[in-house]
Structure formats: C-alpha cells, structure tokens
Amino acid sequence: MIQMLGASPLLLTSKCHPIISLYPSTISSNTINNPFSISISRSLPNNNFKITCIKQEQPPELDPHANKSPDDEKGGKEVDFGWLPAFPHVLTASMSNFLFGYHIGVMNIVSIAKELGFEGNSFLAGLVVSIFIGGAFIGSISCGYLLDKLGCRRTFQLDTVPLILGAIVSAQAHSLDEILFGRFLVGLGIGVNTVLVPIYISEVAPTNFRGFLGTFSQIGTCLGIIVSLFLAIPSEYDPHWWRIILYMASVPGIALALGMQFAVDSPRWLWKAGRVDDARGVIRDLWGPSLVDQAIEEIQSVIRNDGADLDSSWLDLFEEPHFRVASIGGALFILQQLAGINGVLYFSSLTFQDVGITSSALASLFVGLTNFAGALCASSLMDKQGRQVLLIGSYLGMAMSMFVTAGAISFPVDPVISSNLSILGTIMYIFSFAVGAGPVTGLIIPELSSSRTRGKIMGFSFSVHWVFNFLVGLFFLELVEKFGLGPVYAGFGGVSLVAAAFAYYFTVETKGRSLEEIEMSLRNK
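Looking up the protein chain in an unreviewed UniProt entry gives the name Major facilitator superfamily (MFS) profile domain-containing protein, with the organism given as Salvia splendens. Per UniProt, the protein chain carries the Subcellular location (unreviewed entry) text "Membrane".

Next comes the structure, spelled out in structure tokens:
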C-alpha cells in the first residue's frame, strides 16, 4: 500500500508492456534419463519370447545430475510460469501506482513552493497536501459505483482523465489556486486507482500467484517515487524544472489508457455482465484451459448465493459477512496509519543527517530504495509464507524497530551509537513495513470481500485510510512538540504490537485459495 502515504515530505504506500502468452504454464527443470533399456526379441523356430535387460553406458552430456539446480536435487521441483500470461495485464494496471508514487515524489520539490509563493507557510503547504487527500477520499468512495457499472478496464481508462488533466494543470500553475485545483484532480484519480488496482489484480491473477502479482502495486509505487526523485535532481539548479516533471506525469497516464485497451477485464465481472464467452476466454488465456470448468462452476455457485446483478448498495455492507469484512478492512488501515509510517518518513531525513547524509533528496532516495527492496522481498514470500504470517511479522518488526529508535533518542548514552541505532531502526522499520503492512493490507481486503460488494468494501476501507492519513499528518508534529519524538515513536511501536495481535486474531489466511472458495467459507461461518 499500499500502502500508503500522507502529509509528509515523502509518502509511502498501504497499487509499453509486451503481451506474452506461454502455455503450458509449467516447464520441468530436470531431465529423466534411464540407464537401462529393455529389448524384446522373438525366436521364430521355438516360438519363445526373450526379454533382456542391457545396461548401457551413460553419455557424459546426458548425465542426469549435470546442471541441476538445488531445487532439482532436493526433489525435482518444477519451475512454474503460470503467472506469465497475466503478467502484462497486471503490469499495465500497476502503472497507476507508478503514477501515485511519481506524484508523491514530485511534491517534495522545494522550488514549487518558492515559485508559487508559499515557501515557509506551513498552513498553505499543508493545504496542498490536504486537497490531494480530499480528492483521493472522493475518488475512493466513488470507485465502487464506477466498477460495478463499467468494469475494471473502462474505469481505468476513465480515471486517466483527471490524472492527465491534473498533471497538465499543475505544470501550468502560476498561482496557489491553480496548483490546488491540479492537485485535487490528481488526488481524485489516485483515489480511484488505489481501490481499483488491488481489485483488478486479485480478480485476473491465477490463484497460486495472486500474492506474487498483488505486490506489483506496491512495487509500482516505489518505482514511481524513485524515478521522480531522480528526475528532480536538476530542480536544484533550474527553478522551473518542476514544470517539466509534472508535464512528464501525463505520459504514464496516456500509456495506461492505451494499455488498458489491450488488457482483459475481470472474468467475474464479465460473467455477471452476461458476457459468458468473454469470461471463459479470459480464464482460458490467463489461468489455463484445464481450469475453465472449475472456475466457472465456482463463479456460478457464488452468484447463486449472492445474486447476479451488477449493482450493489452501501446498505449491503451492514449485512454479514460483508459487515465483518468491511470492519476488518477499515481497522487494518486505521492501524496501518496509526503505526506511524508517515511520521517516521517525515523525520527520516533528519535521522539521515545525523549520520552525515545532508542531502534531503539523497535521504529520500535511500528510503525509497529500502522500501523497494522490501516490496521485492514481499513478492517472493507472499505465496510461500502467506498473507497473515507476513502481516504479523511485519508489524512485529516495525514494533521492535520503533522501540530501538525510541530508546536511542530518549536515552542517548553515546552520540555516535545513538545516531547509528536511530538510522538502523528507521531502515528496519521501513523495510518491515514494505514486506507486510504495506502490500498485504491492500491485497487481503479484496481477497476477503465478496464478489458483489468487493468494490464497496474496498472503497470504504480506503476512504478510512485517507481520513486517518490526514489526521496523523495533522497532529503528528503537535504530538512531537508536546511529548517529544522518543515517546511518540514508542507509541508507534505499541500500536504496531496491537496491529500484530489484530492480524493474528481477526484475519484469515487466503494463500492458495480461490476468491470464490474464500467467499463461501466466510459465508458459512
């Protein structure tokens, strides 16, 4: 997350591609060679059969132990490329999160505030951030309705309109009002996308690779931040360079609109829309022909219990199990924000300065790379360890990191040791967040949601996210001024422990289970 960020110099999230088709989806990594051959000969005069087993010399180049990977030697595991057919579609959708990260990084450019006349004015700077969050809140709430009516593909394309216009308006801004309007449009588009991307990936990804592909939303956000920080380097010498960077932000939006023209729609939505053949075609192309009948049977069983209409009401969220899932989704995002990711990022540049990294851009880049490394780690673990395990482990790591940092700040035995512990705690915290609390939160909610209310539950959960994102950004500095940074960080550690306990008792493991299987199991509880 997502994955997600708020009112701080650097934000982080609770998010052109060749279409590759590969079938069958598995390729064996080991070759079986039998050193024995059996020959059968018939003796005509005696009408008897002889069976002889002749051992042959094994040619060196066919040695079955040659060029084996460790996995092969352990048990002849297969290299499964079942994720590959869905990958181009997931990659295209993840471009939305790239835009999210890109816009986060762009607004760290100091020359924007200088040229538009609000440098040093914390209220106006906060207003620029707040208007973005306000737009994102509205976008999140409205996404469920758009998704039910238009499906994922058309909603993606429609959403590129405020993203492209917002980037252009911001790039041409010569007053505070213009930059506020541009930021509102961008926030509106980002709000829709933060809801839409996890839903789309969860519905088009094969069951066994849903976790791996689901992390690409977080990876996209990290790459967007990193790219924008690299592109912002000339802004230190050119005060108008920020306009060029904002114009560039329209390019991924255009690429997303064009890419979605060639992407598939969700097979679940297609089936409910009456496009049965299209739904079968998507399942066959992305999941494999052998899974078509099983997948269709599961979708039909859910529709028989949940209804086949495309429209869902917000009142549906007050019924079980939708109310339980919506409550879990909202609570997970509240805990994610109260665990302090935005506050830690706000002070990360000061922490890096203590160890000699005086450039705020370099410090932000280091934070972005740490986040990116954590997201890559999550992609390899999501379908192996499971969502619940990663979520619990992530919050425990965040808690430990905050307690280490708080202790180094509150009890500075030695300045050098305290600075090193602070930087270590900050890096551990960001990495731990990126491994679980960021990507898992945005992935597990659509997995737990029913097909009928998935858009509404995600819209509600992310609207809660944006509200608490705003509140933490609003009161964080006041809390630091009143209690000190050490106690506030210790409070973040305490919330992280509560979040780990919540994940243990209230979430369920979704690894390796189809969305329909999860939905039916929750309905039967």
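Participant: Sorry if this is basic, but what is going on with the overall build of the protein chain here?
Facilitator: For the protein chain, the count of helices and strands is 21 helices and 4 strands. Per-residue burial for the protein chain yields a buried fraction of 52% across its 525 residues. Carbon and sulfur atoms make up 64% of the accessible area of the protein chain, which totals about 22800 Å².

Participant: What should I look at first to understand unusual backbone geometry in this one?
Facilitator: Excluding glycine, most residues fall at negative phi; most peptide bonds, likewise, are trans. The amide bond that connects E320 to the next residue, P321, takes the cis arrangement and shows omega of 5°. Among the secondary structure elements, P321 is positioned in the loop between α12 (292-306) and α13 (322-338).

Participant: Can you help me understand the confidence of the model for the protein chain in this one?
Facilitator: Caution applies to low-pLDDT regions: their predicted coordinates should not be interpreted in detail. In the predicted model, the protein chain carries a mean pLDDT of 82, and the fraction of residues at 70 or more is 81%. Least confident of the elements in the protein chain is strand β1 (residues 26-28), whose mean pLDDT is 37; most confident is α13, at 96. In the predicted structure, residues 1-76 sits below a pLDDT of 50 and forms 179 contacts with residues beyond four places in sequence or in another chain.

Participant: How should I be thinking about the packing of aromatic side chains in this particular structure?
Facilitator: One pass over the structure, following the stated rule, counts 14 aromatic pairs. When the centroid spacing of 5.6 Å and the interplanar angle of 90° are considered together, the rings of F156 and Y200 count as edge-to-face. In this pair, F156 is assigned in helix α4 (residues 122-171) and Y200 in helix α5 (residues 176-204), connecting sequence segments 44 residues apart. No difference in accessibility class separates F156 from Y200, as the two residues are buried. Judged by centre distance (5.9 Å) and plane angle (15°), the rings of F476 and F492 are stacked. Of this pair, F476 sits in helix α19 (residues 454-483) while F492 is found in helix α20 (residues 485-506), placing the two residues 16 residues apart along the sequence. Considered together, F476 and F492 belong to a single accessibility category, that of buried residues.

Participant: Got a minute to help me understand the nonpolar core in this structure?
Facilitator: A general trend in soluble globular proteins is that nonpolar side chains are found buried together. In this structure, F156, Y200, L213, Y395, Y429, W466 and Y489 are the most contacted members of the largest nonpolar core, which totals 102 residues. A per-element tally of this core places α5 first, with 10 residues. Among the nonpolar cores identified, the runner-up in size contains 19 residues, and Y102, L180, W242 and L246 belong to it.

Participant: What should I look at first to understand the pattern of salt bridges in this one?
Facilitator: If the charged atoms of two oppositely charged side chains come close together, the side chains can form a pair. Here the structure, examined in full by the defined rule, presents 14 salt bridges. D148 is the partner of K456 in a salt bridge, and the nearest nitrogen-oxygen pair spans 3.1 Å. Of this pair, K456 sits in helix α19 while D148 sits in helix α4, and the two are 308 residues apart along the sequence. With relative accessibility at 5%, the residue K456 sits in the buried group. Owing to a relative accessible area of 10%, D148 belongs among the buried residues under this scheme. Two residues, E517 and R513, come together in a salt bridge whose shortest N-O distance is 3.8 Å. Connected via shared salt-bridge partners are R210, D383, R387 and E447.

Participant: Would you take a moment to explain the environment of G493 for this structure?
Facilitator: Within the secondary structure, G493 is located in helix α20. We classify G493 as buried; its relative accessible area is 0%. As a C-alpha pair, G493 and M398 span 95 residues in sequence and 6.7 Å in three-dimensional space. Leave out the neighbours within four places in its chain, and G493 touches A399, M402 and F403.

Participant: What exactly am I supposed to notice about the environment of A205 here?
Facilitator: Relative to the helices and strands, A205 is located in the loop between α5 and α6 (210-214). Its relative accessible area of 3% is what places A205 among the buried residues. Sequence separation of A205 and I283 is 78 residues, and the distance between their C-alpha atoms is 9.6 Å. Sequence-distant contacts of A205, that is, excluding residues within four places in its chain, are made with R210, L213 and W287.

What counts as what
Residues numbered from 1 in each chain as written. Predicted model: local features only at pLDDT ≥ 70, side-chain atom pairs only at ≥ 80, totals over all residues. Heavy atoms only, no water. UniProt positions renumbered as here; feature names shortened; annotations may be inferred. Helix = DSSP H or I, 4+ residues; strand = E, 2+ residues; numbered from the N terminus. Buried < 20%, exposed > 50% of the residue type's maximum accessible area, 1.4 Å probe, protein only. Areas by Shrake-Rupley, 256 points an atom, 1.4 Å probe, with all protein chains shown as cover. pLDDT = per-residue confidence, 0-100. Contact = heavy atoms within 4.5 Å. Phe/Tyr/Trp six-rings, centres within 6.5 Å; stacked < 30°, edge-to-face > 60°. Core = buried A, V, L, I, M, F, W, Y, C linked by side-chain atoms within 4.5 Å. Salt bridge = Lys/Arg side-chain N within 4 Å of Asp/Glu carboxyl O.

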